[in-house]
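Chains, contacts and geometry: an overview
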Amino acid sequence: NLAFPIPDELSFEQAAACPIVSFTSHMLLAQVARLQAGETLLIHAAAGGIGTTAIQIAKSLGAGQIIGTVGSAEKVREAKEAGADFVIINDADDFVERVNELTSGKGTDVILDSLGGNYTSRGMNCLAPYGRLVAFGSASGSYSDVGTNLLHASCRSILGFSIATSRRLRPALFAPTAAAVIPLIASGAVEIKVSQVLPMEEAAKAHQLLEDRAVTGKVVLRV
């Protein structure tokens, strides 16, 4: 129940690169955050594999304004090319102030947070009433403690997601996701960013590229 056919229009490299980023992005947006047409979305690490894919899938779901954050100026182009309306460089700008400015003080309806730490706690300062913050990683190296006093009066939610846990405990969730996502990729409506394709003999180099954060998309190993 976790195997899905590859359409003729989909290359093996794209197929190898797509499942984690595309399925995770669609589940985050459609199943967990319940993104509605016209809503504003903030995506952290917007130049990465999930970031660039989530931007494209959010557009297919009818998102309104899409704002991304990146770690350096070199990564702005990747997020912009994926379709982000605005890109914030974390080292240069305060993302909370910038998001509130871009939304005329209303805040963002949905935050996809793969960073954790103070990105989560600070994110509450730009999350709109009834907004949903989805925590699905801690790339910053730390976790956040957010008090429930920030939730009930504003009707906001903090939601968690793990594709590994879902695969293990609720594999049935993947069938409707695959049915929605694979045609988008096969038709070219969603492009999976592949930074490099390397032979299996260079697996160590692939891991080093990931550890050094030297890529902005997926690294594929060819057998």
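Residues numbered from 1 in each chain as written. Predicted model: local features only at pLDDT ≥ 70, side-chain atom pairs only at ≥ 80, totals over all residues. Heavy atoms only, no water.

**Topic: the side chain of D109**
Relative to the helices and strands, D109 is located in strand β4 (residues 108-113). Nearest to the buried, unbridged D109 among oppositely charged side chains is R132, at 5.3 Å. A distance of 2.8 Å separates a polar side-chain atom of D109 from the backbone nitrogen of T40. Beyond its immediate sequence surroundings of up to four residues, D109 is in contact with E39, T40, L127, A128, G131 and R132. (Helix = DSSP H or I, 4+ residues; strand = E, 2+ residues; numbered from the N terminus. Buried < 20%, exposed > 50% of the residue type's maximum accessible area, 1.4 Å probe, protein only. Lys, Arg positive; Asp, Glu negative; His and termini not counted. Salt bridge = Lys/Arg side-chain N within 4 Å of Asp/Glu carboxyl O. Polar contact = N/O pair within 3.5 Å; in protein donor to acceptor, adjacent residues only side chain to side chain. Contact = heavy atoms within 4.5 Å.)

**Things to note about the nonpolar core**
Counting residues in each nonpolar core, the largest one holds 41 residues, and the members touching the most others are L29, I43, I55, L112 and F161. Sorting the residues of this core by element identifies α1 (12-32), β1 (41-43), α2 (49-60), β2 (66-70), α3 (76-82), β4 and α7 (174-187) as the ones contributing at least two each. In terms of residue count, α1 provides more of this core than any other element does, nine residues in total. Ignoring any residue separated from it by four or fewer positions in sequence, one finds I43 in contact with G51, A54, I55, I66, I67, G68, T69 and L112. The next biggest cluster of nonpolar side chains, apart from the first, holds 15 residues, and it includes F95, V99, L115 and C126. (Core = buried A, V, L, I, M, F, W, Y, C linked by side-chain atoms within 4.5 Å.)

**Focus: the sheet that holds strand β5 (residues 127-135)**
If you walk across this open sheet you meet the six strands as β3-β2-β1-β4-β5-β6, and the pairing is parallel. Strands with a single pairing partner mark the edges of an open sheet, and in this sheet they are β3 (86-89) and β6 (157-160). For this sheet, the mean inter-axis angle between neighbouring strands, taken without regard to orientation, is 20°. In this structure, β1 lies alongside β2, joined through three bridges in parallel fashion. Along β2, the bridge assignment pairs I43 with G68. With respect to the sheet, α2 is in contact with β1, β2 and β4, its orientation differing from that of β1 by roughly 165°. (Pairing = 2+ DSSP bridges. Axes fitted to C-alpha atoms, helices over the stretch in contact; angles between N-to-C directions.)

**Focus: a nonpolar patch on the surface**
Judged by side-chain polarity, M200, L221 and V223 come together as a nonpolar surface patch covering roughly 310 Å² of accessible area. Following the sequence through the fold, V223 ends up in the segment after β8 (218-222). The class for V223 is exposed, based on a relative accessible area of 92%. (Patch = residues over 30% accessible without salt bridge, like charges linked within 9 Å, V, L, I, M, F, W, Y side chains within 5 Å. Areas by Shrake-Rupley, 256 points an atom, 1.4 Å probe, with all protein chains shown as cover.)

**Description of α2**
Between its first and last C-alpha, α2 extends 17 Å over twelve residues, near the 16 Å set by a 1.5 Å rise per residue. Burial of α2 is extensive: nine of the twelve residues sit out of reach of the surface. Taken residue by residue, α2 has G49, G51, T52, T53, A54, I55, Q56, I57 and A58 as its buried positions. A positive backbone phi angle near 90° is found at G62, which sits one or two residues after α2. (Expected span 1.5 Å × (residues − 1).)

Such coordinate-based values are descriptive only and should not be taken to indicate function.
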